[in-house]
Amino acid sequence: MASVQSEELLVPASVKIVVAGGFGVGKTTLVGAVSEITPLRTEELLTEAGTQIDDLAGVEGKTTTTVALDFGRITINPEVVLYLFGTPGQDRFWFMWDELAYGAIGAVVLVDTRRLDGGFGAIDFFERRGIPFVIAVNCFEGSHSYTEDELRGALDVADTVPMVLCDARDRESCKTVLARVIEHAMSKLDHAVA
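Keep in mind the model is a prediction, meaning the values are calculated, not measured.

Draft legend 1. Expanded view of the pattern of salt bridges. Taken as a whole and judged by the stated rule, the model has nine salt bridges. Across the salt bridge formed by aspartate 98 and arginine 129, the nearest N and O atoms sit 2.7 Å from each other. A residue pair is termed long-range when its members are at least 10 positions apart, and aspartate 98 in helix H2 (residues 97-101) and arginine 129 in helix H3 (residues 120-129) qualify at 31 residues. Residue class for aspartate 98 comes out partly exposed when judged on its relative accessible area of 43%. Aspartate 167 is paired through a salt bridge with arginine 169; the nearest N and O atoms lie 2.9 Å apart. Assessed through its relative accessible area of 47%, arginine 169 is described here as partly exposed. Connected through shared salt-bridge partners, Glu148, Arg152 and Asp159 make up one network.

Set out below in structure tokens:
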């Protein structure tokens, strides 16, 4: 009688990263650029009524906004799947951030040099919760170029917080940012275990 070998069912480990930042910095674009699946987006058209609430300075061409979340997925290897959760940027949707950040190993705080103040809320959010994060500076055409020291000073972040230049439209650039988040989160875990 021949024996039948059973294959082990391999269930990949899930890793969650949050992509956060101010209104119009490129969070939806980043998730879409790097996701291997068509991302889930909860975007709505900006309305005339919202012009009193949403500051479009620097992003005048923006026509939609995320109202709940963006979701994407990347298979790192057969054993690890990375899930991306993009947050809405406007203050009125921040009540969702705790739920979106629950279980995340780390976060990307995406900033735009044209509107650096949009990053303060996200930086504060992750600092207060002890969630490791990196600052990803989305380099748009025509945006001003600053040194890392200038950016750190303007954002008031320590040297221990990694900072990466990126283009949220470019898959490889976004993969570099996500790799840096994972490295940073793992280094924090290593220090906690030691």
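Draft legend 2. Molecular detail of helix H4 (residues 148-155). Leu151, Arg152 and Leu155 are the residues of H4 that are buried. Angular distribution of buried residues about the axis of H4 spans 100°; they occupy a single face of the element. Opposite the buried face of H4, at more than 90 degrees from it, the exposed residues are Asp149 and Gly153. Remark: aspartate 156 follows H4 within two positions and exhibits a positive phi of approximately 55°.

Draft legend 3. Fine view of the side chain of threonine 87. Mapped onto the elements, threonine 87 comes out in the loop between strand E4 (80-86) and H2. Owing to a relative accessible area of 1%, threonine 87 belongs among the buried residues under this scheme.

Draft legend 4. Fine view of the packing of aromatic side chains. All chains considered together, the criterion is met by six aromatic pairs. Geometrically, the ring pair formed by tryptophan 97 and phenylalanine 125 is edge-to-face, given 5.3 Å between the ring centres and 80° between the ring planes. Here tryptophan 97 is found in helix H2, whereas its partner phenylalanine 125 is found in helix H3, with 28 residues between them in sequence. Overall, tryptophan 97 belongs to the buried group, its relative accessible area being 1%. Given a relative accessible area of 9%, phenylalanine 125 falls into the buried group. A ring pair is formed by tryptophan 97 and phenylalanine 126, whose centres lie 6.4 Å apart and whose planes are at 25°; its orientation type is stacked. Placement of tryptophan 97 in helix H2 and of phenylalanine 126 in helix H3 is noted, with a sequence separation of 29 residues between them. The exposure classification of tryptophan 97 matches that of phenylalanine 126, with both residues buried.

What counts and how
Residues numbered from 1 in each chain as written. Predicted model: local features only at pLDDT ≥ 70, side-chain atom pairs only at ≥ 80, totals over all residues. Heavy atoms only, no water. Salt bridge = Lys/Arg side-chain N within 4 Å of Asp/Glu carboxyl O. Helix = DSSP H or I, 4+ residues; strand = E, 2+ residues; numbered from the N terminus. Buried < 20%, exposed > 50% of the residue type's maximum accessible area, 1.4 Å probe, protein only. Arc of directions from axis to C-beta. Phe/Tyr/Trp six-rings, centres within 6.5 Å; stacked < 30°, edge-to-face > 60°.

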